[in-house]
Amino acid sequence: MSTSRRNVLWSALGAGGLAAGAGLVGAGSAQAAVAEAQAAGAAAVGAGWLNVRDYGAKGDDSADDQPAIQAAIDAAGQGGTVYLPPGKYRIASPITLRYGVTLRGDWAPHFPDRTNMVDSYIRPGIGNFTGTALITVVPAPDTSTDNYHDTAYRGGPRLYGLALNGRQQRDTQNRPVDGVSIAPGTRDVGMDKVTVWHCTGNGVNAQNAAALQFSQVGCTDNDGHGFTFGDASGTGGGLVDADLYQCYSQGNGLTGFDILNPNAVTMIDCRAEWNAGHGYQITGICYSMVLVGCNTDRSGQDGFHLSTAPGGRFLHLVGCLAKRDGRSGAGYAGFSVTGQAAMGVILTGCSASTGRDDANNENVPYSPSYGITTSALNSASFVAVSGGEFLGAVQPFNDAGKVLVRHSGVAAGTHTATGIVWDRSDVHTLSGAAGERREVEFWTRGGNRRWGLRAGAQPETGGGAGSAFELVRYGDGGAPVDVPISVNRQNGRITLGQAKEQGGSPTNVVVNAESSPGVQLNQATPGAQGYGVTVADAASRAFQVSVAGDAVNRLVIDANGTQSFGPGGTAARDVTWGRLGSGRVGSLDADLVVGQAAGRGLRVREGADATMGLLTLNGDTPVPVATTAVRADSRILLTVQEPGGTPSGVAFVAARKPGESFSVAGRAGDTSKVAWLLVNPA
């Protein structure tokens, strides 16, 4: 081949293909150009734009155009574009798309039935279609090696500006027919402005596919899922490295968007409405996925159904809206998080609203039952919700999984028969089912939790009972130790030192200003101390009491043990009682009044080394009394209690030994019983 011929081929074909404005390449010249370029050593070439009419396609809604369309695709080469002018293209078997070929028609409408099908439509043959998809996209060769990067030169397969009408037709073997089927292992598939509707299978079915780029792809009124990327039965490997932008799924027989094991997936401004199943169904291990501005309307089941499995990490929903979902019955939610794990499920600025059908028929109940539902999740999981507004016909939150963490800026309400009952939360809020613990935890960096503030798990039985406020103390290993402070919601009673988290007897101080006692200590440790006060010096006060309106305290206990008393008001305290020295207690400014109440008086202990007792006289022989309390100046008072023998009425102190004893004697023959009382001068 001449040098000039080779240069012409490279500039027209290999370097980017023929521009759209330069016209469409004919069948014969395209095949010849590609063959010559490949023979000359070109790594990847495309035949520019090929018109399917040049390959025999009719587009008359009658003839089988599959052979002609397939021939154009096969001739297009790497990076070529196969163009379908406006028409209705019948096919009796699937169209297979591979390499970097673009299959392009005119604009595909959002609601195709409203356009009278005047653009580029592909439809199955009447009663004679054999296959399970109208278009099948298959991998390029050598996808398991680095040669994939060469075979994907100029990008993978593309579908643009097409409408696929399945005509609710099954194939000749009575199998359901998908609109577009992307085979396992296929990568770098692009779809832009493509509409699929009325298929007996799924709209778009991609199993174990990667690097998908979908923009404005719509799937409407298909019997299966609108979109399925590795279906929930686990037959596909999931969706990897995919971007979906403004994709639309409406009125499908199953789920709007069915996604398995998403990894590095982003969905932006997508919409699912009036699908019989869930709006969005995300199952399996969610390695990482972000949904931004996606919304639902009137799904038969949950709006967003997130059933995650252990092993994944991130599933973030930002600004997503769920509207009127759960129309098939009770128990559904705008957002449902279930499965075995919910690691990193974050809802930011999302909302769920209630509603009826489009006619607002009063005989149709409001749905969904809940704004958010969690269920069947392990204790290490959590669902974090920040901002947004959540409504439910039963209640806004159904936290059956006990993992919902509700942050500030969340408004919630229940749609009752008389209207919406709002629960506006304008502050930082932790919300959970009554009787379940929710807490703010304080951790050490790189360590474990140390403290927690929570509403306790006491059951709410009415009258303000249950859900006490608690301060929780954690050990070094992060396990709860006890509750040092709690506040009873019913009576406002403050308890210091609540019962231990791990069991054991309660040791606490209860403070309650509304009933008696105001302060009560329950000390359960044998031999332990009760109250302890440590002050700076002996002149400091340890305790004081006043009555409302007093200017002067009525009772003061100093750290040295001295107690002083007063009448209150503005009068000074006038009675002092306390330690007067070693072994001495009393008052220097007050009288000791004994027995002011009837039947009450002074009691003094008798016995060894006592200061009072009873003896029997032995005539004039002294009777000794042993007591260390006697002093040289002691006043010993004697009185006859019971006359005996020859009573004389005389009893006297015969002798004394200070710190040891004294003796008492009477007259000969006197055996009377005599009481003695020993009093020492102050």
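In the block above lies the structure referred to throughout.
We now turn to the structure provided with this report.

Rules used in this analysis
Residues numbered from 1 in each chain as written. Predicted model: local features only at pLDDT ≥ 70, side-chain atom pairs only at ≥ 80, totals over all residues. Heavy atoms only, no water. Helix = DSSP H or I, 4+ residues; strand = E, 2+ residues; numbered from the N terminus. Buried < 20%, exposed > 50% of the residue type's maximum accessible area, 1.4 Å probe, protein only. Contact = heavy atoms within 4.5 Å. Areas by Shrake-Rupley, 256 points an atom, 1.4 Å probe, with all protein chains shown as cover. Core = buried A, V, L, I, M, F, W, Y, C linked by side-chain atoms within 4.5 Å. Pairing = 2+ DSSP bridges. Axes fitted to C-alpha atoms, helices over the stretch in contact; angles between N-to-C directions. Lys, Arg positive; Asp, Glu negative; His and termini not counted. Salt bridge = Lys/Arg side-chain N within 4 Å of Asp/Glu carboxyl O.

In this section: the overall build of the protein chain. When you go through the protein chain residue by residue, the secondary structure sums to four helices and 53 strands. In the protein chain, which comprises 682 residues, the proportion classed as buried is 43%. Pairs at least 24 residues apart make up 57% of the contacts formed inside the protein chain by residues separated by at least 6 positions. Carbon and sulfur atoms form 51% of the exposed surface of the protein chain, whose accessible area is close to 32200 Å².

Glancing now at the nonpolar core. Counting 80 residues, the largest nonpolar core has L103, F214, M267, L291 and F335 as the members making the most contacts within it. Per-element tally for this core: the top contributor is helix α3 (residues 66–76), with six residues. Among all residues touching L103, those that are not within four sequence positions of it are I69, I73, V82, L84, I95, L97, I135, R158, L159, Y160 and L162. Counting residues in hydrophobic clusters, the runner-up holds eleven residues, among them L617, A629, F662 and W676.

On to the pairing of strand β13 (residues 209–220), then. For strand β11 (residues 187–197) and β13, the ladder comprises nine bridges, and the chain directions are parallel. Bridge assignment links V196 to a residue of β13, and that residue is C219. The pairing of β13 with strand β15 (residues 239–245) spans five bridges and is parallel. Each bridged residue has a counterpart across the sheet, and for F214 the counterpart in β15 is L244. With three bridges joining them, β13 and strand β16 (residues 248–250) adopt parallel strand pairing.

Okay, the pairing of strand β24 (residues 314–318) next. Only one face of β24 is covered, namely the face carrying L315 and L317; the face carrying F314, H316 and V318 is uncovered. Looking at chain direction, strand β21 (residues 288–292) and β24 are connected through five bridges and run parallel. Its bridge partner lying in β24, V292 is registered against V318. Looking at chain direction, β24 and strand β27 (residues 345–348) are connected through four bridges and run parallel. Among the inter-strand pairings, L315 is bridged to a residue of β27, identified as V345.

Strand order in the open sheet formed by three strands is β48-β53-β50, with antiparallel pairing between adjacent strands. Every other strand in the sheet has two partners, leaving β48 (612–616) and β50 (635–642) as the edge strands with one partner each. Averaged over all pairs of adjacent strands, the angle between their axes in this sheet comes to 25°, without regard to strand direction. As paired elements, β48 and strand β53 (residues 673–679) share five bridges and run antiparallel to each other. Each residue of the ladder has a partner; that of T616, found in β53, is K673.

What follows concerns the side chain of R298. Structurally, the position occupied by R298 is in the loop between β22 (295–297) and β23 (304–308). No salt bridge is formed by the buried R298; the nearest opposite charge belongs to D357, separated by 5.2 Å.

Strand order in the open sheet formed by five strands is β43-β44-β45-β46-β47, and the pairing between neighbours is antiparallel. With one partner strand each, in any of the chains shown, β43 (541–545) and β47 (584–586) form the two edges of the open sheet. Going from strand to strand, the sheet's axes swing by 15° on average, the running direction of each strand aside. Bridge analysis of strand β44 (residues 555–558) against strand β45 (residues 563–565) gives three bridges, and the strand direction is antiparallel.

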